Structure formats: structure tokens, C-alpha cells
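Here is what each chain is made of, one letter per residue.
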Amino acid sequence: MMRKTILILAVLLLTTVNIEAQNRKRPHRTRLTQTERLDMRAEKLTGVMISTYKLNETQQKSLLELNKKWLSNNTNSGTNKKNVRNKRADYRGRSRGVDSLYLANPTLHREARIQELSSQVDQYKGELKKIMTSSQFKAYEKRLREGVAQLSK
């Protein structure tokens, strides 16, 4: 009888401890807005570039603005995904002329997107070249080439 009582009390104690552990409230984390996330990413990218290329104060401010502009234009945010979904729906709903053209040659659309992105990258590099000194920009391009070579392995 004593063993059963101790066993029942132990089970009850373990159960209440387990339930209490599950009921503990976690601190509420606030969700960041899209602009706050982009600002954090831009600051992080700028910080890495500052330490790597040893930029001065005016270069740091200009680079931060450039990175914010670049990230706001070139991130796959929820709104961009929604726009892509809407475009796909438009393609499905349009007349046969445009729809069949898209379906017949999707690589043409892909190549156009690649050209658009490469022109944006060239524009970013041009702005970066204005901000950095020639030796800093050469170091940037060297590091970029090394990164591309490492990715292609």
C-alpha cells in the first residue's frame, strides 16, 4: 500500500512539473517590418565592406545609402513574390498570342531577366566605383572574382 501511494505521488509530481514547464510564458518577440529587415541587412553588408576595404566616414555613409537602395530594389520580398504570382495569373488569363509566345520560348524571358539583372549589377558597380578609391575598388573586384571562382568549383 505504501509503495502504491509513493508511486502515485511521484507520478502526480512529475505530471505537474511537466505541465508547469509547458505553461511558462516565453518573452514576446516583435516582428520586424520589411524596411527594418532591409536596413539591418544593408548595415551588416556595409559593416563587412567597411572592415574589408577600410572606408572613411563619408564613404561609409554613401555606401550605406547605396546598399539600402540596392537591397530595396533587388530582394525577393513578399510583395515581389505576390507580383510574380499576379503576372503568372495574367499570363494564364491573357489571349493566346502572348500566352503562347511565353510558353513557346521561356528562355527568351529568362535571358531578358538576366540582362536586366546584369545591367543593375553594372549600375551598382558604377556607383561603388564613385564611392571607393581605385585601390579599394580593385580589391573589391578581386574579391568578387575569387568568390565567383569559388562558387563555380
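Residues numbered from 1 in each chain as written. Predicted model: local features only at pLDDT ≥ 70, side-chain atom pairs only at ≥ 80, totals over all residues. Heavy atoms only, no water.

Chemist: Describe the overall build of the protein chain, naming the residues involved and giving the relevant values.
Modeler: The helix and strand inventory of the protein chain stands at 7 helices and 0 strands. Scanning the protein chain from its N terminus toward the C terminus, one meets helices and strands in the order α-α-α-α-α-α-α. In the protein chain, the proportion of contacts linking residues at least 24 apart, taken out of those at least 6 apart, comes to 60%. Of the roughly 13100 Å² that the protein chain leaves accessible, carbon and sulfur atoms contribute 56%. (Helix = DSSP H or I, 4+ residues; strand = E, 2+ residues; numbered from the N terminus. Contact = heavy atoms within 4.5 Å. Areas by Shrake-Rupley, 256 points an atom, 1.4 Å probe, with all protein chains shown as cover.)

Chemist: Describe the packing of helix α3 (residues 57-74) against helix α6 (residues 106-131), and please don't skip the residues or the numbers.
Modeler: Interhelical geometry of α3 versus α6 gives an angle of 170° and a closest axis separation of 10 Å. Comparing their axes, α6 and α3 come out roughly antiparallel. Contacts from Q59, S62, L63, L66, N67, W70 and N74 of α3 reach α6 at Q120, V121, Y124, E127, L128 and I131. Of the residues in the contact of α3 with α6, the class split is 7 nonpolar, 5 polar and 1 charged. (Axes fitted to C-alpha atoms, helices over the stretch in contact; angles between N-to-C directions. Parallel < 35°, antiparallel > 145°, perpendicular 65-115°, else oblique. Nonpolar A, V, L, I, M, F, W, Y, C, P; charged D, E, K, R; others polar.)

Chemist: Which residues make up helix α2 (residues 34-53), and what values go with them?
Modeler: With 20 residues, α2 should reach 28 Å at 1.5 Å per residue; the first-to-last C-alpha distance of 28 Å fits that figure. Restricting attention to buried positions, one finds in α2 the residues L38, A42, T46, M49 and Y53. Take α2 and look down its axis: the buried residues cluster within an arc of 65°, on one side only. Seen from the buried face of α2, the exposed residues on the opposite side, beyond 90 degrees, are K44 and S51. Where the residues of α2 are buried, they touch α3, α6 and α7 (134-152). Directly after α2, the chain includes K54, whose backbone phi takes a positive value near 50°. (Expected span 1.5 Å × (residues − 1). Buried < 20%, exposed > 50% of the residue type's maximum accessible area, 1.4 Å probe, protein only. Arc of directions from axis to C-beta.)

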